[in-house]
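# Results of the structural survey
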Number of protein chains: 2
Amino acid sequence: MSTKTIEDYLKHIYQLQEHTDQVTTSAIAQRMDVSAASVTDMIKKLSERGYLHYTPYRGVELTPEGRGLALNVLRKHRLWEVFLVEYLDFPLHQVHEEAEDLEHLPSTELVQRLDKLLGYPRIDPHGDPIPTADGTIEDQHGRLLAHAQPGQSARIVRVSDTNPELLRYLESIGLVPHTEIQIKSRAPFEGPMVVEVDGVEHSLGNTVMNHIFVNIHPR
Amino acid sequence: MSTKTIEDYLKHIYQLQEHTDQVTTSAIAQRMDVSAASVTDMIKKLSERGYLHYTPYRGVELTPEGRGLALNVLRKHRLWEVFLVEYLDFPLHQVHEEAEDLEHLPSTELVQRLDKLLGYPRIDPHGDPIPTADGTIEDQHGRLLAHAQPGQSARIVRVSDTNPELLRYLESIGLVPHTEIQIKSRAPFEGPMVVEVDGVEHSLGNTVMNHIFVNIHPR
DNA sequence: CTCAAGGTTTAGATGGGGCTAAAATATACT
DNA sequence: AGTATATTTTAGCCCCATCTAAACCTTGAG
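All figures in this text were calculated on a predicted structure; none of them were measured in a lab.

## A look at the interface of chain A and chain B
Interface size is commonly expressed as the accessible surface area that is lost when the partners come together. Between chain A and chain B, the contact holds 19 residues from the first and 19 residues from the second. Note on chain A versus chain B: buried area summed over both sides is about 1,600 Å², and carbon and sulfur give 68% of it. Among the residues chain A hides against chain B, the three largest losses belong to Leu88(A), Leu110(A) and Arg113(A). Together they make up 31% of the total. There are eight residue pairs in polar contact (both at pLDDT 80 or more) connecting chain A and chain B. Counting residues per element, the ones that place at least two in the side of chain A that touches chain B are α4 (64–86), α5 (92–102) and α6 (108–117) of chain A. In terms of residue class, the side of chain A that touches chain B is made up of twelve nonpolar, two polar and five charged.

## Side note on the protein's contact with DNA strand C
Around DNA strand C sit 23 residues, and of these Ser38(A), Ser26(B), Lys44(B), Tyr54(B) and Tyr57(B) come closest. Protein-adjacent atoms of DNA strand C, using a 4 Å cutoff, are sugar or phosphate at a proportion of 79%. Here a phosphate oxygen of DNA strand C and a side-chain polar atom of Tyr9(A) are 2.8 Å apart. Taken together, the elements giving at least two residues each to the surface near DNA strand C come down to α3 (36–48) of chain A together with α2 (25–32) and α3 (36–48) of chain B. In terms of residue count, the dominant contributor to the surface near DNA strand C is α3(A) (five residues). Of the residues that constitute the surface near DNA strand C, the class distribution is ten nonpolar, seven polar and six charged.

## Quick notes on the relation of the copies chain A and chain B
Of the two same-sequence chains, chain A is brought onto chain B (RMSD 0.1 Å, axial shift 0.1 Å) by a rotation of 180°. This pairing of chains is accounted for by a two-fold axis. By C-alpha distance to the rotation axis, the residue of chain A lying nearest is Leu102(A), at 4.1 Å. Taken as a fraction of all interface residues of chain A, those also at the interface in chain B reach 100%, which identifies the copy contact as same-surface.

## Concerning the nonpolar core
Ranked by size, the top nonpolar core spans 54 residues in total, and within it Leu84(A), Leu84(B), Leu145(B), Leu175(B) and Ile181(B) carry the most contacts. When near neighbours in sequence (up to four residues on either side) are disregarded, Leu84(A) contacts Asp89(A), Phe90(A), Val95(A), Glu98(A), Ala99(A), Leu102(A) and Leu110(B). Counting 22 residues, the second-largest nonpolar core is a separate cluster that includes Leu92(A), Ala148(A), Leu175(A) and Val214(A).

## Comments concerning the pattern of salt bridges
If you walk through the whole model with that rule in mind, you get 20 salt bridges over all chains. Put simply, Glu196(A) and Lys184(A) hold a salt bridge, and the shortest N to O gap is 3.1 Å. Residue Glu196(A) is located in strand β6 (residues 193–197), and its partner Lys184(A) is located in strand β5 (residues 180–186); the two are separated by twelve residues in the primary sequence. With relative accessibility at 38%, the residue Lys184(A) sits in the partly exposed group. Ionic pairing is found between Glu7(B) and Lys76(B), a salt bridge with its closest N-O pair at 3.7 Å.

## Details of the protein's contact with DNA strand D
The environment of DNA strand D is formed by 21 residues, the closest being Ser26(A), Tyr54(A), Lys4(B), Ser38(B) and Lys45(B). Those atoms of DNA strand D that come within 4 Å of the protein belong to sugar or phosphate at a rate of 76%. Take Lys4(B): an N or O atom from its main chain is 2.6 Å from a phosphate oxygen of DNA strand D. Within the side chain of Arg58(B), an N or O atom sits 3.1 Å from a phosphate oxygen of DNA strand D. Looking at the surface near DNA strand D residue by residue, the classes come out as nine nonpolar, seven polar and five charged.

Conventions used here
- Residues numbered from 1 in each chain as written.
- Chains lettered and ligands numbered in written order.
- Predicted model: local features only at pLDDT ≥ 70, side-chain atom pairs only at ≥ 80, totals over all residues.
- Heavy atoms only, no water.
- Contact = heavy atoms within 4.5 Å.
- Buried area = accessible area lost by both parts, 1.4 Å probe.
- Polar contact = N/O pair within 3.5 Å; in protein donor to acceptor, adjacent residues only side chain to side chain.
- Helix = DSSP H or I, 4+ residues; strand = E, 2+ residues; numbered from the N terminus.
- Nonpolar A, V, L, I, M, F, W, Y, C, P; charged D, E, K, R; others polar.
- Near = heavy atom within 4 Å.
- Least-squares fit on C-alpha atoms with pLDDT ≥ 70 in both.
- Core = buried A, V, L, I, M, F, W, Y, C linked by side-chain atoms within 4.5 Å.
- Buried < 20%, exposed > 50% of the residue type's maximum accessible area, 1.4 Å probe, protein only.
- Salt bridge = Lys/Arg side-chain N within 4 Å of Asp/Glu carboxyl O.

Shown next, in the form of structure tokens:
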């Protein structure tokens, strides 16, 4: 239904490229919830416009121009997320969706002024780095909580923004960026982990652990 | 090129309806900078959806639903204008154009929270009234500056937002809402008017006078 | 009261993004 | 290597907003 723009495609391709190494038609289709045929069509267009290299049946690779556009969208998205939290008091789990519309506002002056209002933030409310106006971006912070060991203490630096339900749960127990936690125990064979947050213990399953990134404190 | 939405049509029709009494196809086309044929098409669609009544070759009249949608767009537009001025320090002459994009953000929660952040303002930076969430709107304030008489003093309550160039000029000499002025003289036959603003005298032609609305102080 | 002028509507086409179904190609397994 | 399965692309169609050119009213002036 809702129609996707060139910017949307580039953004999602960029984000796929971050984690997987083959960005396939079907991966894009699945992520964006459109048909594979639509993706093929759009890829042709993006290729003609010089945003990516396209080898039929093979996959896709962003050109510097494509990457630049993608990072600009991401920049707008994440700056607006900061605004939504800091000025409009939106709960964390809602900002991603709201920012999906805001990120497409074309005015560069608007973004510049927003960036200034917010004090040139480096990360968004989920802990994701905000690309700069000249198209650079820091690496994502933190290691998966799943890699932490019992007895260690850590600071949450990032949470995945992909699942609003899960995010709502994390919020409700205080598992958000900047929070300090202690890892109490871990059941064997990738079992649940018990962590202490704000003096309260919680048992976390694998899915949850894989949405949380931490800096582990040296002892 | 830039494609107009249903909301755009309703907004412009509403604003035409405020000042003229026959809202014709060509008036809409001219105002929106699209062809008359496009307007005819769109009018048919809007009529089918119950937003207006349409008599071919005659003109158009908004239904309560159409008016409601139009006022909602206007509400969003004007609230964002307040934000652009108060939080992002945009100059007055730029906010109208920037708000043209912001007004189409669909989220009602976003608007509600914005309204709260701004302190539930009643007027936008040009002095135009902001419709309420339940679809009511105050009458526009002020009388044309052209109607004021030499010797009177007045407060500017509203300036037209239609001409950015002119607005830029008004801004540069301080002729913006809330400013106090004195009418010094007026040349005969609709001639130029001399007004004092912030201790400086300016001679204003008819076009300028017809973009400024004032409350004249009793003596 | 006719008819030309001018505003309005229809006809037919474009470009953007989307879809399903069928054809083409790649991969993976025996 | 050969074939079955899975992925990708093509073909053909839809919807939306737009345009130009041509046909169609309305109206107002002679």
